[in-house]
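# Structural description and commentary
Here are the chains, one letter per residue:
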Amino acid sequence: HAKSGTPNATLKHTMSLRIADVKINGISVAEAGFNAFIAGYYGVPVVFLSGDKAICQYAVKTWPEIETVAVKEGLGKACISVHPEKSKTMIKSGVIAGLKKRDKISPYCFKPPITMDIAYRDESLAYRAAWYPKVKRLDDHTVRFRSKNTIDCLRFFYFCT
C-alpha cells in the first residue's frame, strides 16, 4: 500500500495506522521501501510490485527499472479496481517481465551507519520507544535509532511499533 498521507491512495498507511512516517537514512519509505530494505540486506532485488496506482508510482520513482501493475486507483476513500481475471493476467505478465531483467536491478541497500526515524501519530508511542537502547527522541512524535547493522534496525522497528 501507499504510505501514510499519500493522496488518492487505497488503504494508505505505513506499516501500521499508528505510524505517520518511517525514514531510512533520511528517505521516507512506504511499506514497499521497507520490505525492499529487508530484501536488500539479503542481496535480493525487488523486480515487481502490484497494488494501487499511487504505490506503483512510488515504486517506479524509487526503482526506475521495476515492473509494476496498478490494479486499482484510489479516489478519496473509494477506488476503481480492475476485474480480478484481468488483474491476474496483468500481474502474471508483470512478474515475468520483472524476472527477465532481475540481473539488471540492484538490491535496495543503505550504507551504514543506518539511521531509522519513526514518526508516530500518538506521542505516547514515541515516549515508549525512547526507552529502547540507543534511541533518541527528536520531538514529541519522532524517535531515531542509528546502527551499523540492518538487523539491529529491524529489531528496533519491530520492538517499537
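Residues numbered from 1 in each chain as written. Predicted model: local features only at pLDDT ≥ 70, side-chain atom pairs only at ≥ 80, totals over all residues. Heavy atoms only, no water.

## Some details on the side chain of Thr142
- Here Thr142 shows up in strand 8 (residues 142-147).
- For Thr142, a relative accessible area of 13% corresponds to the buried category.
- When neighbours within four sequence positions are excluded, Thr142 is seen to be in contact with Asp117, Ile118, Ala119, Ala126, Lys136 and Arg137. (Helix = DSSP H or I, 4+ residues; strand = E, 2+ residues; numbered from the N terminus. Buried < 20%, exposed > 50% of the residue type's maximum accessible area, 1.4 Å probe, protein only. Contact = heavy atoms within 4.5 Å.)

## Considerations on the sheet that holds strand 2 (residues 27-28)
- Reading across the sheet, the 5 strands line up as 2-1-6-8-7 and stay open at both edges, with antiparallel pairing between neighbours. Two strands close off the open sheet at either side, each with one partner strand: strand 2 and strand 7 (135-137).
- Judged from the 3 bridges that link them, strand 7 and strand 8 form a sheet pairing that is antiparallel. Each bridged residue has a counterpart across the sheet, and for Arg137 the counterpart in strand 8 is Val143. (Pairing = 2+ DSSP bridges.)

## Re the packing of helix 1 (residues 31-41) against helix 5 (residues 150-159)
- In contact at an axis separation of 10 Å, helix 1 and helix 5 are set at 145° when each is read in the N-to-C sense. Relative to helix 5, helix 1 is oriented so that their crossing is left-handed. Counting all contacts with helix 1, which are made through Phe34, Phe37, Ile38 and Tyr41, the residues of helix 5 involved are Thr150, Ile151, Leu154, Phe157 and Tyr158.
- For the contact of helix 1 with helix 5, the per-class residue count stands at 8 nonpolar, 1 polar and no charged. (Axes fitted to C-alpha atoms, helices over the stretch in contact; angles between N-to-C directions. Left-handed = near helix turned anticlockwise from the far one by under 90°. Nonpolar A, V, L, I, M, F, W, Y, C, P; charged D, E, K, R; others polar.)

## Here's the deal with a nonpolar patch on the surface
- On the surface, Tyr41, Tyr42 and Val44 cluster together into a nonpolar patch covering about 330 Å² of accessible area.
- Along the chain, the position of Tyr42 falls in the loop between helix 1 and strand 3 (48-52).
- When its relative accessible area of 57% is taken as the criterion, Tyr42 is described as exposed. (Patch = residues over 30% accessible without salt bridge, like charges linked within 9 Å, V, L, I, M, F, W, Y side chains within 5 Å. Areas by Shrake-Rupley, 256 points an atom, 1.4 Å probe, with all protein chains shown as cover. Salt bridge = Lys/Arg side-chain N within 4 Å of Asp/Glu carboxyl O.)

## Quick word on the pairing of strand 4 (residues 67-75)
- Relative to strand 4, strand 3 runs parallel, the two sharing 5 bridges. In the sheet register, Asp52 faces strand 4, and the bridge partner there is Lys72.
- Handedness of the crossover joining strand 3 and strand 4 through helix 2 (residues 53-62): right-handed.
- Between the antiparallel neighbours strand 4 and strand 5 (residues 78-81) lie 2 residues, among them Gly76 with a positive phi of about 65°. (Right-handed = clockwise from strand over helix to strand, strands pointing away.)

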